[in-house]
Amino acid sequence: MFTLTTLLELVLLLNFFVLGASRLRTAVNLVAVQGMLLGAAPLWLEHGPRVVLLSLGTMAVKGILIPRLLLYAMRDQTIGPEFRPAGGFIASLLLGAVGTGASLWFGGTLPLHNGEHSQLIVPASLATTFAGFVMLFTRVKTISQSLGYLVLENGVFIFGLLLIEAVPAMVEIGVLLDLIVAVFVMGIIIQHINRELDPLEVQHLSSLKE
Amino acid sequence: MAVYLVVLPALAALAALLVPSDRWRPWLLPLGSGLHVACLASLIRSGETVSQFDGWLVLDSTAKVFMLAIGVLHFLCMLYAPGYLALRPERPNRILCACMLASLAMMSLVVLSRHLGLMWVAVEATTLVTAPSIYFNHNARSLEATWKYLLICSVGIALALLGSFFLAYSALYAGLKPTLLFDDLMAAAPNLSRPWLHAAFILLLVGYGAKMGLSPMHTWKPDAYGEAPGMVGALMAGGVTSCVFLAVLRIYQIAVRGGDGAFASRTMIFFGLLSMLTAAVFMVRQRDFKRMLAYSSVEHMGILVFGVGLGGAAIYGVLLHVINNALAKGVLFLSAGNIHRAYGSKLTDHVTGAMRGLPLSGSLFLFGFFAGCGSPPFSPFVSEFSIIAAAFRERHFIGAAIFLAALMAVFLGMGATVLGITLGKPSRPPQQAAFADGAWTGAPIVLLMSLVLLLGLYLPPFLSDLVNQAAASLAMN
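Residues numbered from 1 in each chain as written. Chains lettered and ligands numbered in written order. Predicted model: local features only at pLDDT ≥ 70, side-chain atom pairs only at ≥ 80, totals over all residues. Heavy atoms only, no water.

**Student:** How do you make sense of the overall build of chain B when you look at a structure like this?
**Tutor:** Broken down by element type, chain B carries 18 helices and two strands. Over its C-alpha atoms chain B spans a radius of gyration of 21 Å, differing by no more than 12% from the 23 Å that the globule rule assigns to 477 residues. Its C-alpha atoms put chain B at 70 × 50 × 45 Å along the principal axes. Counting over 477 residues, chain B shows a buried share of 67%. Considering only contacts in chain B between residues 6 or more positions apart, those separated by 24 or more positions represent 81%. Of the roughly 14900 Å² of accessible surface on chain B, 68% is carried by carbon and sulfur atoms. Here chain B holds 29 positive side-chain charges and 19 negative ones, and the gap between their average locations is 6 Å. (Helix = DSSP H or I, 4+ residues; strand = E, 2+ residues; numbered from the N terminus. Rg over C-alpha atoms; globule rule 2.2 N^0.38 Å. Buried < 20%, exposed > 50% of the residue type's maximum accessible area, 1.4 Å probe, protein only. Contact = heavy atoms within 4.5 Å. Areas by Shrake-Rupley, 256 points an atom, 1.4 Å probe, with all protein chains shown as cover. Lys, Arg positive; Asp, Glu negative; His and termini not counted. Charge placed at Lys NZ, Arg CZ, Asp CG, Glu CD.)

**Student:** How do you make sense of the interface of chain A and chain B when you look at a structure like this?
**Tutor:** One frequent convention defines the size of an interface as the accessible area lost when the parts assemble. Taken residue by residue, the interface counts 48 residues in chain A and 46 residues in chain B. The junction of chain A with chain B conceals about 4100 Å² of combined surface from both sides, 77% of it contributed by carbon and sulfur atoms. Viewed at the interface, chain B and chain A are joined by zero salt bridges. Viewed at the interface, chain B and chain A are joined by one residue pair in polar contact (both at pLDDT 80 or more). Elements that contribute at least two residues to the side of chain A that touches chain B include exactly α6 (121-138), α7 (142-160) and α8 (169-196) of chain A. No other element matches the 14 residues that α8(A) contributes to the side of chain A that touches chain B. Among the residues making up the side of chain A that touches chain B, the classes are represented as 30 nonpolar, twelve polar and six charged. (Buried area = accessible area lost by both parts, 1.4 Å probe. Salt bridge = Lys/Arg side-chain N within 4 Å of Asp/Glu carboxyl O. Polar contact = N/O pair within 3.5 Å; in protein donor to acceptor, adjacent residues only side chain to side chain. Nonpolar A, V, L, I, M, F, W, Y, C, P; charged D, E, K, R; others polar.)

**Student:** Would you take a moment to explain helix α1 (residues 4-18) of chain B for this structure?
**Tutor:** An α-helix turns once every 3.6 residues. As a result, residues three or four positions apart point the same way. All names here are of chain B. A rise of 1.5 Å per residue sets the reference length of α1, with its 15 residues, at 21 Å; its end C-alpha atoms lie 21 Å apart and thus fit the reference within 8%. All of the buried residues along α1 are L5, V6, P9, A12, A13 and A16. One side of α1 holds all its buried residues, which, seen down the axis, span an arc of 140 degrees. In α1, the exposed residues that point more than 90 degrees away from the buried face are L11 and L18. Its buried side turned inward, α1 meets α2 (28-46), β2 (57-59), α3 (61-86) and α4 (94-112). (Expected span 1.5 Å × (residues − 1). Arc of directions from axis to C-beta.)

**Student:** How should the nonpolar core be read in this particular structure?
**Tutor:** Within soluble globular proteins, side chains that are nonpolar tend to cluster in buried spots. The biggest cluster of nonpolar side chains holds 264 residues, and the ones touching the most others in it are F159(A), F166(B), M231(B), F365(B) and M414(B). The dominant element in this core, judged by the number of residues it contributes, is helix α10 (residues 230-283) of chain B, at 28 residues. Once residues within four sequence positions are removed from consideration, M231(B) is found in contact with C77(B), Y80(B), A81(B), Y84(B), L85(B), L96(B), M100(B) and L334(B). (Core = buried A, V, L, I, M, F, W, Y, C linked by side-chain atoms within 4.5 Å.)

**Student:** Would you take a moment to explain the packing of aromatic side chains for this structure?
**Tutor:** Here the distance between the centres and the angle between the planes together describe a pair of aromatic rings. Residue and element names in this part refer to chain B. By the definition in use, this model includes 25 aromatic pairs over all chains. With 4.9 Å between their ring centres and 80 degrees between their planes, F166 and W196 make a pair best called edge-to-face. Remark: W196 occurs in helix α8 (residues 194-212) and F166 occurs in helix α6 (residues 140-173); sequence separation between them is 30 residues. You'll find F166 and W196 in the same group, each marked buried. When the ring centre of F136 is taken as origin, the NZ or CZ atom of R91, which lies over that ring, is 6.0 Å away. (Phe/Tyr/Trp six-rings, centres within 6.5 Å; stacked < 30°, edge-to-face > 60°. Lys NZ or Arg CZ within 6 Å of the ring centre and 35° of its normal.)

**Student:** How should the side chain of S379(B) be read in this particular structure?
**Tutor:** Residue position: S379(B) is located in helix α15 (residues 379-393). Those residues within four positions of S379(B) in sequence are excluded, and the remaining contacts are N324(B), V452(B), L455(B) and G456(B).

**Student:** Quick question: what am I supposed to make of the packing of α6(A) against α7(A) here?
**Tutor:** The description of two helices packed together rests on the angle between their axes and the distance between the axes. Residue and element names in this part refer to chain A. Closest axis-to-axis distance for the α6/α7 pair is 7 Å, and the angle between their directions is 165 degrees. Between α6 and α7, the angle is such that the two are roughly antiparallel. As α6 packs across α7, the resulting crossing turns out to be left-handed. Between α6 and α7, the contacting residues are I121, V122, A124, S125, T128, T129, A131, G132, F133, M135 and L136 on the first element and S144, Q145, L147, G148, Y149, V151, L152, N154, G155, V156, I158 and F159 on the second. (Axes fitted to C-alpha atoms, helices over the stretch in contact; angles between N-to-C directions. Parallel < 35°, antiparallel > 145°, perpendicular 65-115°, else oblique. Left-handed = near helix turned anticlockwise from the far one by under 90°.)

**Student:** How should the side chain of K346(B) be read in this particular structure?
**Tutor:** Residues and elements named next belong to chain B. Tracing the chain through its elements places K346 in the loop between α12 (314-343) and α13 (354-357). For K346, a relative accessible area of 9% gives the class buried. A polar contact is formed between the side chain of K346 and the backbone oxygen of G226, at a distance of 3.4 Å. In terms of polar contacts, K346 uses its side chain to reach the side chain of D288, at 2.6 Å.

**Student:** I would appreciate a short explanation of the pattern of salt bridges in the present structure.
**Tutor:** Between side chains of opposite charge, pairing is possible as soon as their charged atoms come close. All names here are of chain B. Evaluation of the coordinates by the stated rule reveals eleven salt bridges over all chains. R114 is paired through a salt bridge with D60; the nearest N and O atoms lie 2.4 Å apart. One end of the pair, R114, is in the loop between α4 and α5 (116-134); the other, D60, is in the loop between β2 and α3, with 54 residues separating them in the sequence. For R114, a relative accessible area of 6% puts it in the buried group. Using a relative accessible area of 11% as the deciding quantity, one classes D60 as buried. Among the ionic pairs, D349 bridges to R287, the shortest N-O distance being 2.6 Å. Remark: R287 occurs in the loop between α10 and α11 (289-310) and D349 occurs in the loop between α12 and α13; sequence separation between them is 62 residues.

Here is the structure:
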C-alpha cells in the first residue's frame with residue numbers, strides 16, 4: 001500500500017535526483033514533482049475540507065506556479081545543457097548522502113510523540129533541508145540557487161506535517177504567499193541579472209567583497 | 001486600534017502604487033509615515049496594553065518601545081525622501097515608494113504579532129519588500145547586493161520557520177496543546193520538551209540572527225547597505241534589524257522560561273561579542289564608508305544581543321539602545337548618503353574635507369560617528385554604559401573586557417575612516433549643481449541628531465516610564 005512513509009521515501013529519492021541532475025530544466029521539473037508529492041502528504045494525516053484546500057493550494061504553488069515562474073525566468077536563456085556545481089556532481093551527491101544518513105541518525109535522537117503517522121517525517125525533513133543547503137552552496141547559477149531554496153522550504157514543509165492541526169490555516173497561507181512572492185522577486189532579479197551580466201552565473205556576482 | 005499601525009502604511013503603499021506622477025508620489029511617504037506616528041502617539045498616550053484578534057496582535061510596553069524607535073526613524077527618513085528623490089528624477093520611484101511604506105506596515109506587524117507563525121510571515125515579508133529598494137540604482141553592483149540579501153535572509157528565515165515548528169512540537173510532545181501563540185508558549189514553557197526547545201532556540205537564533213546580521217551570518221549586510229540609497233540603509237539598520245531583534249528577544253524569553261536559560265544566555269553573549277569583534281576587525285582601514293556603517297550595524301546588533309544575554313539590569317539599557325541605535329543610524333546613513341551624492345563616490349580615496357565641502361552633512365556625519373561610537377553626551381553613551389555597568393554588576397568580567405576592547409577598536413577603526421572623510425581639504429569641490437545641502441535633505445538629519453543629543457542629556461519621563469515598564473515585563477534571569 002502507498003503510505004506516507006513511501007511518499008517520504010520518494011521525496012528523499014528525488015533529493016538525490018535533483019542533486020545529480022545536470023540539466024536545469026530537469027532539475028526544475030524534479031522539484032515540481034517533489035512539490036506535488038508534498039502537496040498530497042497532508043491527506044494522509046487529516047481529513048476534511050480544510051486539508052483538501054491546503055493540499056490543492058500547496059500542489060498549485062509548489063508543483064505548478066513556482067516551477068512555471070522559474071522556467072519563465074530562464075525562457076530566453078541560452079543556458080548550456082550542463083551546469084557544473086562547485087566540486088562536481090559526485091561531491092554534491094556524496095554530501096547529500098552523508099546529510100541523509102546524519103538526518104536519519106539525528107532524527108532518531110529527538111523524542112517523538114507516540115502514534116505519529118510516520119517515523120520518517122523528522123529525518124526526511126532534516127535531510128531535505130540539508131539537500132537544499134547543498135544546492136545553495138555548491139551551485140553557481142542563480143536559478144539553481146533558487147531551486148535550492150525551494151528544496152530547503154520543502155524540508156521545512158515536511159516538518160510542518162507534524163503540526164498540521166496546530167498551525168492555523170492563515171499562517172499556512174501566509175507561508176505559501178511569502179514563498180510565491182520570494183520566488184517572484186527572485187525571478188525578476190534573475191531576469192535583470194540576465195540583462196546586466198552574463199547568463200545566470202553567480203560567479204559574476206563577486207565584485208562586492210572585502 | 002493597534003491594527004491601524006499596519007493598515008495605514010499598507011494603504012499608503014497601495015496609494016503610492018496608484019499615483020501616476022513620479023514628482024508628487026514621494027510626498028505620500030511623509031504622509032503615510034506621519035499618520036502611523038500620530039496613531040502610535042495616541043496609543044502610547046492612552047497608556048494601556050492593546051490586544052486584538054484573540055491576542056494575536058498585542059501592543060504592550062515592549063512593543064511600544066520598538067514601535068516608537070521604528071516609527072520615529074521611519075518618519076524622519078520619509079521626510080528626507082522627497083528631497084532626495086527630487087535629485088534623482090532619472091529613476092522611476094513607484095516601486096521604491098511603495099516598498100518603503102509596505103516595509104513600515106510589515107515592521108509594525110512583526111512588532112505587534114504575538115503569534116510566532118504570523119511573526120515569521122511578517123519578517124519574511126520585510127525581506128521581500130525591502131529587496132527592491134536595495135536595487136533602486138539598477139546597476140550590476142546593486143543587483144548583486146540584492147541577490148545576496150534576498151538569498152541569505154530567505155534561507156535564514158526558512159531556518160527560523162523550522163525552529164518555530166520545533167517550538168510548537170515541543171508543546172505537542174509534552175502532551176500540551178500545540179500552539180505558536182507567544183503567551184500560551186510562555187505559560188506552558190516550564191513543561192515544554194527540553195530537547196525540542198533546545199533545537200528550536202538554536203534554529204531560531206541562527207535564522208533570525210541572519211536577518212539581524214549577527215556574525216557570522218552578516219555577510220549580506222555590507223553589500224546591501226553599501227549599495228542601497230542612504231535612507232533605505234537607515235531604515236534597514238535602524239528599523240528592520242530592530243524588529244527582528246524583538247523576535248529574537250521573544251524566543252529568548254521562551255527559552256529562559258523553559259529552563260534553558262543558562263545555555264541561551266551563553267549563546268547570546270557569544271554571538272553578541274563575536275559580532276562586535278567581527279565588526280571591529282572589518283572596520284579597520286575600511287575604504288568604503290557605507291560598508292563601514294554596515295559593520296557598525298553588525299556591532300550594535302552584537303551589543304543588543306550581548307545585553308540580552310546578560311539579563312537583569314542590562315535589559316533597560318538594551319531597550320534604550322534600540323531607540324538610540326535607530327536614531328544614530330538615521331543620522332549616519334542619511335548624512336553618508338548626502339556625502340556620497342555630492343562627491344559621486346563612497347570611497348575614502350576620493351572623499352576628503354566633507355566638512356568644508358558640505359558643511360552641514362559633513363558635520364552631522366562626524367557628530368553621528370561620535371554618537372554611534374557611544375561618546376558622551378550623546379544618547380548611545382547612556383545605553384551602552386547601562387549595559388557595561390550591568391556586565392560588571394553581574395560579574396561577567398571577561399565579557400565586559402571583550403566588550404570594551406571591541407568598542408575601543410571600533411572607535412579607532414571607524415574614527416580613521418570618518419576623520420579622513422570629514423577633515424582636511426576638500427578632495428574635489430563638490431559641484432553645486434550636483435548636490436548641495438538643502439532644507440529637505442538636511443533638516444530631517446538635524447532633527448535626528450537633536451533627538452540623539454536630547455536623549456543623551458535628558459530622558460523625558462514618559463519615555464523612561466515606558467522603558468522601565470518594558471524592562472520590568474521582560475525581567476527574565
